[in-house]
Amino acid sequence: MSKSKRDVDHAFFGQPRGLATLAFTEFWERFSYYGMRAILLYYMIASLEHGGLAMNAVLAASIVSIYGSLVYMSSVLGGFVADRLWGGHRTVFVGGIFIMFGHIALAVPAGVPALIIAIILIVIGTGMLKPNISEMVGGLYGKDDMRRDSGFSLLVMGINLGSFLSPIIVGWLRQEVNYHLGFSIAAFGMFIGLIIYIIDGNKYLNKEDFQAPDPIQPDELRPLLWKVAGLIAVLVIILVAMGVTGTLTGDGVVNLITMIAILIPIWYFVTIIRSKKVTKIERSRVISYIPLFIAAVFFWAIEEQGSTVLALFAQNQTQLTLGSFHIPASWFQSLNPLFIVVYTPFFAWLWVHMGKKQPSSPKKYVYGLIFAGLSYFAMMIPVGLFGTSARVSPLWLVLSWAIVEIAEMLISPVGLSVTTKLAPKAFKSQMMSMWFLADSAAQAINAQVVKLYTVQTEFWYFAGIGIASVVLAVLLLFITPRVERLMAGVN
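It should be emphasised that the depicted structure is a prediction, and the values quoted were computed from it without experimental measurement.

Assigned domains of the protein chain: these are domain 1 (11-212) and domain 2 (278-490). Contact residues are listed per partner, giving 48 residues for domain 1 and 51 residues for domain 2. Buried surface at the junction of domain 1 and domain 2, summed over both partners, amounts to about 4400 Å²; 63% is from carbon and sulfur atoms. At the junction of domain 1 and domain 2, the tally comes to one salt bridge. Where Glu304 meets Arg37, a salt bridge forms, and the shortest distance between an N and an O atom there is 3.3 Å. The element that contributes the greatest number of residues to the side of domain 1 that touches domain 2 is helix α7 (residues 148-176), accounting for 18 residues. Looking at the side of domain 1 that touches domain 2 residue by residue, the class counts come to 25 nonpolar, 15 polar and eight charged.

Here it is in structure tokens:
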């Protein structure tokens, strides 16, 4: 049997040419997202005279976490639209437009109303774009193509190149000019990404992505509309009840979204497992994904605190002067992607070099959780040595991020890859949404956990989370043989 076209396409560093198109689009999407996120917390807590919104730091950290949760929660919408209505190609493009206008809204100095509008637009747009980009990358490879994991590693490198540059550029503009110019640069980045996507997309992407794999049938439309109407009615009733009881506050809304973010993946797992469109083998693979999902939630809960807890540590407890130059606190957000870019070539080479001898996906998760815990153990050291009132060397933050990004290399690209391999045919994009729902649930949990982070609790905050991560790694290692059997041949 002759090789398929996707098997012989090695135009991009040994990978399919379409990977370059998707990686570059994701580069600019991450540039816009992380550029905005790098200064969002500081914008919310800065005083009015310094161009901020003068919010309480704890509430602001919770809102930033819940905003991140909503961004990834909306991937459910993006997966459904791609699977049932438009296909991945069109859904990604429309999502990019929403993201661009969201950043434009933040570029307007209109205070809290502009912030709310921006959050809504970016939440919808990112949900439509992110899960479908990753699913389209998976579609570039054949079932047994050993390049898949290394291909996803290259995608992650593209993502993190954009994530690395944006906090530096946007953070510097925020410090030297104002917040709104920084937000406008993020909008420009997404505009560039859309242009590249349109030019290259028609040439190099999988043609299957131009149509929905499981288009909605006429007899399914009416029940679907009733379900949507029902969900909207329930939400309205809950909000009215919160208003009557006096709980319709910032904290009240954060608590509501936290519950929704935890319940959605539970509902999704039940729906997929019970679906008649899922075969017995596919059902077994989805069940095997549950412990990996839980592990991913815990990892992302630690990793995503870089933009809240570690961001506050950078501003309040880190030496930021280098001679006469003041280092923008937002620049530390570039440490995450910097280390991923440094580590990616090694891990991409490692998995290809090891081939079938490489650890299974569950074991990679185990190692990742251990490193995630160690990154918080590293933060205990300066707090224990110097206390919470002294400003410490920025190298402590560098060390913590250097460790946690080893964890990300063991979990993030591997998780993306294994999700596409374990996904049932009828739920391809929606299963990829589950990967992003792990991040959504993690950040929703963070919206509650960050309330425990204070000067008085800082040492034990880092210690408790670090210990919990290592304990979860041991539990996952114990059940790994069972998980591998349920994966039914997927490694």
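This brings us to the side chain of Gln443. Mapped onto the elements of the fold, Gln443 is located in helix α16 (residues 428-449). Separated by 3.5 Å, the side chains of Gln443 and Glu304 make a polar contact. Among residues more than four places away in sequence, those in contact with Gln443 are Arg37, Val64, Ser65, Ile66, Gly68, Ser69, Tyr72 and Glu304.

Glancing now at the environment of Pro265. Tracing the backbone shows Pro265 in helix α10 (residues 250-274). Overall, the relative accessible area of 3% leaves Pro265 in the buried class. Here Pro265 is in contact with Phe293, Met434 and Leu437, once residues within four sequence places are set aside.

Rules behind the numbers
Residues numbered from 1 in each chain as written. Predicted model: local features only at pLDDT ≥ 70, side-chain atom pairs only at ≥ 80, totals over all residues. Heavy atoms only, no water. Domains from an automatic or database assignment. Contact = heavy atoms within 4.5 Å. Buried area = accessible area lost by both parts, 1.4 Å probe. Salt bridge = Lys/Arg side-chain N within 4 Å of Asp/Glu carboxyl O. Helix = DSSP H or I, 4+ residues; strand = E, 2+ residues; numbered from the N terminus. Nonpolar A, V, L, I, M, F, W, Y, C, P; charged D, E, K, R; others polar. Polar contact = N/O pair within 3.5 Å; in protein donor to acceptor, adjacent residues only side chain to side chain. Buried < 20%, exposed > 50% of the residue type's maximum accessible area, 1.4 Å probe, protein only.

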